[in-house]
Amino acid sequence: MNDVAAYTTKTLMIYGASGYTGRMAAAHAKEAGLRLVLAGRDEAPLQALATRLGVEYRVFALDNAGDVDNGLQEIAVLLNCAGPFAHTAEALMEACLRTGVHYLDIAAELDSYQLAERHDLSAAQAGVMLMPGSGGSVAMLGSLAARAVERVPSPVSIRIALHVAGSMSRGSALSASQNVTTTCLMRKDDVLTARAPDALRDLDFGTGPLSCFPVTLPDLITIARQTGVGDIETYVHVSGSAFPEGGIDALPDGPTAQERADNRYQAAVEVVGADGAITRAALDTVNGYSFTPLAAVVAARRVLAGEARPGFQTPVGVFGSGFAETIADTRITFIDPTTPTSR
């Protein structure tokens, strides 16, 4: 690993720190006692947040490589919270490769993970870790899939779903609107393959089967990478007002603390073994908008402490299958196929 990435400064930078999730991540990082620098394009909100937290801040845009490289000086780990990540991930990943800084983000967009795949070899050669999805659904679903796979001697396929509850933030809605793929994808024989978008499936989140619709999630890449399983299908079950109606600009910055408390997230997985047996498990955790900054800061703290591997990595691949269960009161339970659950 090169000298810059050898944690001589042990400083974390949060880019996009003045956004909805960035502000929560910054507060968690400060509370955790991390050496912290806030960053982004707009000085006024950054300065206000930095003053409130008593930390340094830096202002730089991403359209000039030299400015980005200068902004990353004396930084060991970058946490990118600035979505849509289609506009920020490439510039920041490439700057991290040039400057020897480990890259983390909270992206839920497939493009960011394909970008990390393309940079895998150059990151390994540079001694830099790329970990998109250090918080959020990738950390949740990755841990759930890994814990289930541990119980299956010869896993051949995985079906996994996220139960999204409550309202969506303006930033998430904007990212989703700009990254809607025209083709619904699954992983088949280790290749991303088109699938029918109306192929609904019932999955059990711990209280009985719920109908889920197929979606293209980055877990098609990350779960395959961490488990080696080549057949993966990803689904979502939506309740409440999770998907916005009307104009994105009219949406609030994000759900309130009470709205987050009222809407926990769940996930469900089915792992099929070579013998056809199905192992089922469910995850229950805090609201995704609470889980994401918590998990991302825990990941950043662990990377600052030396838990890093060069190249494109997943949270489970570096921190282990129990990573999600270290966040808040996340619980994973296995569902006995002989014991029916009530809805």
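As shown above, the structure is provided for reference.
These lines cover the structure that appears in this document, whether it is placed above or below. Predicted model, so just to flag it, every value in this text is computed and none were measured.

## Quick notes on the overall build of the protein
Okay, step 1: Scanning the protein from terminus to terminus reveals twelve helices and 16 strands.
Okay, step 2: For the protein, the residues scored as buried account for 55% of the 343 residues in total.
Okay, step 3: In the protein, 72% of the contacts between residues at least 6 apart in sequence involve partners at least 24 apart.
Okay, step 4: A total accessible area of about 14200 Å² is found for the protein, and carbon and sulfur atoms account for 50% of it.

## Thoughts on the sheet that holds strand β2 (residues 35–40)
Okay, step 1: If you trace the seven strands from one edge of the open sheet to the other, you get β3-β2-β1-β4-β5-β6-β15, paired in parallel fashion. The outermost strands of the open sheet, each flanked by one partner alone, are β3 (56–59) and β15 (311–312).
Okay, step 2: Strand direction decides the pairing type here: β2 and β3, joined by four bridges, are parallel. Looking across to β3, one finds that V37 is bridged to E56.
Okay, step 3: Here helix α2 (residues 43–53) sits on the sheet and contacts β2 and β3; the angle it forms with β3, its principal contact strand, is near 170°.

## Quick look at the environment of R118
Okay, step 1: Mapped onto the elements of the fold, R118 is located in helix α5 (residues 110–118).
Okay, step 2: With 194 residues separating them along the chain, R118 and F312 place their C-alpha atoms 8.9 Å apart.

## Overview of the packing of helix α1 (residues 20–31) against helix α11 (residues 288–304)
Okay, step 1: The N-to-C vectors of α1 and α11 enclose an angle of 50°; their axes lie 9 Å apart at closest approach. Considering their axes alone, α1 and α11 lie oblique with respect to each other. As α1 packs across α11, the resulting crossing turns out to be right-handed. Side by side, α1 and α11 meet where Y20, T21, M24, A25, H28 and A29 of the first sit next to Y289, T292, P293, L294 and V297 of the second.
Okay, step 2: Here the contact of α1 with α11 is built from residues that sort into eight nonpolar, three polar and no charged.

## Examining the nonpolar core
Okay, step 1: The biggest cluster of nonpolar side chains holds 101 residues, and the ones touching the most others in it are L12, I14, L38, L78, L79, L104 and I158.
Okay, step 2: Per-element tally for this core: the top contributor is α11, with ten residues.
Okay, step 3: When near neighbours in sequence (up to four residues on either side) are disregarded, L104 contacts V77, L78, L79, N80, M129, M131, S134, A296, A299, A300 and V303.
Okay, step 4: L203, F205, Y235 and A268 belong to the second-largest nonpolar core, a separate cluster that totals seven residues.

## What to know about the side chain of T234
Okay, step 1: Looking at the element boundaries, T234 is found in strand β12 (residues 232–239).
Okay, step 2: At 2.6 Å, the side chain of T234 and the backbone oxygen of V215 are in polar contact.

## Brief notes about the side chain of N287
Okay, step 1: Within the secondary structure, N287 sits in the loop between β14 (278–285) and α11.
Okay, step 2: Under the relative-accessibility criterion, N287 is labelled buried at 2%.
Okay, step 3: For N287, the side chain forms a polar contact with the main-chain nitrogen of Y289, separated by 2.9 Å.
Okay, step 4: When neighbours within four sequence positions are excluded, N287 is seen to be in contact with A165, R260, N263, R264 and Y265.

## With respect to helix α7 (residues 137–149)
Okay, step 1: Taking 1.5 Å as the rise per residue, α7 with 13 residues should run 18 Å; its terminal C-alpha atoms sit 18 Å apart, in good agreement.
Okay, step 2: Across the 13 residues that make up α7, a large majority, 13, are buried.

## A closer look at unusual backbone geometry
Backbone phi values are negative for most residues with the exception of glycine, while trans is the configuration of most peptide bonds.
Okay, step 1: Cis peptide bonds are those with omega within 30 degrees of zero, and the linkage from G83 to P84 qualifies with -5°.
Okay, step 2: Checked against the element boundaries, P84 lands in the loop between β4 (77–80) and α4 (89–99).

## Here we look at the pattern of salt bridges
Okay, step 1: Applying the stated criterion across every chain yields a total of 14 salt bridges.
Okay, step 2: Taking the shortest distance from any N to any O, the salt bridge between E325 and R147 comes out at 2.9 Å. You can see E325 sitting in the loop between α12 (315–319) and β16 (331–335) and its partner R147 sitting in helix α7, a full 178 residues away along the chain.
Okay, step 3: For E325, a relative accessible area of 27% corresponds to the partly exposed category.
Okay, step 4: With a closest N to O distance of 3.8 Å, R195 and E233 form a salt bridge. Placement of R195 in the loop between β9 (191–194) and β10 (201–204) and of E233 in strand β12 is noted, with a sequence separation of 38 residues between them.

Conventions we followed
Residues numbered from 1 in each chain as written. Predicted model: local features only at pLDDT ≥ 70, side-chain atom pairs only at ≥ 80, totals over all residues. Heavy atoms only, no water. Helix = DSSP H or I, 4+ residues; strand = E, 2+ residues; numbered from the N terminus. Buried < 20%, exposed > 50% of the residue type's maximum accessible area, 1.4 Å probe, protein only. Contact = heavy atoms within 4.5 Å. Areas by Shrake-Rupley, 256 points an atom, 1.4 Å probe, with all protein chains shown as cover. Pairing = 2+ DSSP bridges. Axes fitted to C-alpha atoms, helices over the stretch in contact; angles between N-to-C directions. Parallel < 35°, antiparallel > 145°, perpendicular 65-115°, else oblique. Left-handed = near helix turned anticlockwise from the far one by under 90°. Nonpolar A, V, L, I, M, F, W, Y, C, P; charged D, E, K, R; others polar. Core = buried A, V, L, I, M, F, W, Y, C linked by side-chain atoms within 4.5 Å. Polar contact = N/O pair within 3.5 Å; in protein donor to acceptor, adjacent residues only side chain to side chain. Expected span 1.5 Å × (residues − 1). Salt bridge = Lys/Arg side-chain N within 4 Å of Asp/Glu carboxyl O.

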